[in-house]
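# Architecture and fold: a report
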Amino acid sequence: MTDDLMTSDVMTSDVITADKGSLLVIGSGLKVYREYLVAPIRRRARAAGLDMVLLNNLNPTWQHEYFDEIIVANVFDSEAMGAAARQVAARRRIVGLMCWDEPLVLDAGLLAAEFGVPGLSVPGVRGCRDKQLTRAELTAAGLCQPGFELTTTVEQARAAAARIGYPVVIKPRAMGASIGVVFAADESELDAAFRIALSASEVDPGPYRASAIVEGYAPGPEISIDGAVHKGEYLPMFVARKHSSDQPYFEEVGHLVDAADPLMADPGLMRTLARAHQVLGIEDGITHSEVRLTGRGPLIIEINGRLGGDLIPFLGRAATGIEPGEVLFDVATGQRPDTRPTRRAVAGIRFGYPERDCLLRSVAVPAEAPGLVAAAPMAEPGTTLRLPPGGYLARHSFVVCEADDNRTCLERLDAAAALVALDAEPIGPPDPDAPFEMPAGLLDVDE
């Protein structure tokens, strides 16, 4: 489940400079989460006569099969990423740039604009990455949005919550996977919720760290929609119904994608999504939009300038037949993708969480079960798994199942999840003064 972390600044493989076009990919992710995307991209690149170059923070292992050149650099440092990418562009003709890791999306989008290749656009990538800017732009355009305010101190947060009205949600300005997102029902819960959100925000390596947004809570089911954008035209691919943990935290415990989901034909939802992408200035790419279905209509929680995490694109492929990697290749190279479904099925994922904080000894997943498509551990033996607020993404495993209908798929997920065997040692609570630790694997499961 882990690749070796590269600690030196830059390491490049020996290559012969080619003058044919190249695709630059920034951040591959881990094999279990992203190989299913890279493989079809590679097939399309070969058919088009293009090389693929990877700029990554990990020493390559499985990536060798797919990339013609691999450069290892500290992509979490803006200057280091930019320098390495420009070195590639100086000797190769970059015709497309791809990135699907949330903390890297901003810098990658700015580089795409600099290189003159299809991308979200500078306003688009900033609007996606900065949740405060997203709220401000969508509110100004008259789209359904909650009251909100950006804060850096608990005093500011208290005043904002009083103005907006309880209940509220407090979240880091630019994190993913619901990390640091906390519900506060009233004033008595505000201070603790703000401290959790702010602590999580402080590990953000980008320009939006150390700040938290206070916003009005929007009740209703939550969904996500992965879609492509070609020259400003929004092309939805599939809807995922989200299953989350109870308040005050909003950790995702599973998702369900139905190729026949009626929301794909809901004109109000699709108009809202298309309008939001237009307002944010998104031009070319793939986005992952999170939406609450409220009594006032669809309310966009956020729009991310990347494919969904949590293996949602994998579920989408299983349910609809749409190949997200091929769609990503098309929009990155300036082509209008075909997002019409070729399959009609239901696919879902269920994540395994411990009942309490623990030290993982071992985890075994089923090899066979009705409708089982995939199953894998998500943590190595010896890993400490902590539930919120001491930690996030304390997942030890996942199972993916498919079926012809929602009910059967959910039943199959229940049965497969029950076959996961966990051996773990309970541990005590974390030191309350300890700094927030970034969960391992965040880049590959961010949702």
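A brief report on the enclosed structure follows.

A few words now on the overall build of the chain. Helix and strand counts for the chain stand at 12 helices and 20 strands. The buried share of the chain, reckoned over its 447 residues, is 56%. Across the chain, contacts joining residues at least 24 apart in sequence account for 71% of those joining residues at least 6 apart. By element, 50% of the accessible surface of the chain is carried by carbon and sulfur atoms, the whole surface being about 17800 Å².

Time to look at the packing of helix H6 (residues 154-164) against helix H7 (residues 187-201). Two elements in contact, H6 and H7, have axes separated by 10 Å at closest approach and are oriented at 130°. Here H6 lies oblique to H7, going by the angle between them. Judged by the twist between their axes, the crossing of H6 over H7 is right-handed. On H7, the residues touching Val154, Ala157, Arg158 and Ala161 of H6 are Leu190, Asp191 and Phe194.

The strands that make up a sheet are held in pairs by hydrogen bonds between backbone atoms, and each pair lies either parallel or antiparallel. Sheet architecture is open: 3 strands sit in the order E18-E16-E20, paired in antiparallel fashion. Here the strands that pair on one side only, and so sit at the sheet edges, are strand E18 (384-385) and strand E20 (421-426). Pairing analysis gives 2 bridges linking strand E16 (residues 358-364) to E18, with the strands arranged antiparallel. Among the inter-strand pairings, Leu359 is bridged to a residue of E18, identified as Thr384.

As a further point, take helix H9 (residues 312-320). The element H9 is extensively covered by neighbouring structure, given that 8 of its 9 residues are classed as buried. Along H9, the positions that sit buried rather than exposed are Ile312, Pro313, Phe314, Leu315, Gly316, Ala318, Ala319 and Thr320. Two residues or fewer past H9, Gly321 is found with a positive phi of approximately 85°.

With respect to the helices and strands, Leu256 occurs in strand E12 (residues 252-258). On the accessibility criterion, Leu256 (6% relative accessible area) is buried. Each C-alpha atom of the pair Leu256 and Ala240 lies 5.3 Å from the other, and the pair is 16 residues apart in sequence. When neighbours within four sequence positions are excluded, Leu256 is seen to be in contact with Val239, Ala240, Arg241, His243, Val346, Ala347, Gly348, Asn406, Cys409, Leu410 and Leu413.

Grouped together as the largest cluster of nonpolar side chains are 66 residues, with contacts concentrated most on Leu23, Ile41, Phe67, Met98, Ile286, Leu328 and Phe398. Counting residues per element, this core draws most heavily on helix H1 (residues 31-47), at 7 residues. Setting aside its immediate chain neighbours within four residues, Phe398 contacts Val32, Tyr33, Leu311, Ile349, Arg350, Phe351, Ala374, Ala375, Ala376 and Met378. Formed by 43 residues, the second largest nonpolar core is a distinct cluster that contains Val53, Ala108, Phe115 and Leu120.

Conventions we followed
- Residues numbered from 1 in each chain as written.
- Predicted model: local features only at pLDDT ≥ 70, side-chain atom pairs only at ≥ 80, totals over all residues.
- Heavy atoms only, no water.
- Helix = DSSP H or I, 4+ residues; strand = E, 2+ residues; numbered from the N terminus.
- Buried < 20%, exposed > 50% of the residue type's maximum accessible area, 1.4 Å probe, protein only.
- Contact = heavy atoms within 4.5 Å.
- Areas by Shrake-Rupley, 256 points an atom, 1.4 Å probe, with all protein chains shown as cover.
- Axes fitted to C-alpha atoms, helices over the stretch in contact; angles between N-to-C directions.
- Parallel < 35°, antiparallel > 145°, perpendicular 65-115°, else oblique.
- Left-handed = near helix turned anticlockwise from the far one by under 90°.
- Pairing = 2+ DSSP bridges.
- Core = buried A, V, L, I, M, F, W, Y, C linked by side-chain atoms within 4.5 Å.

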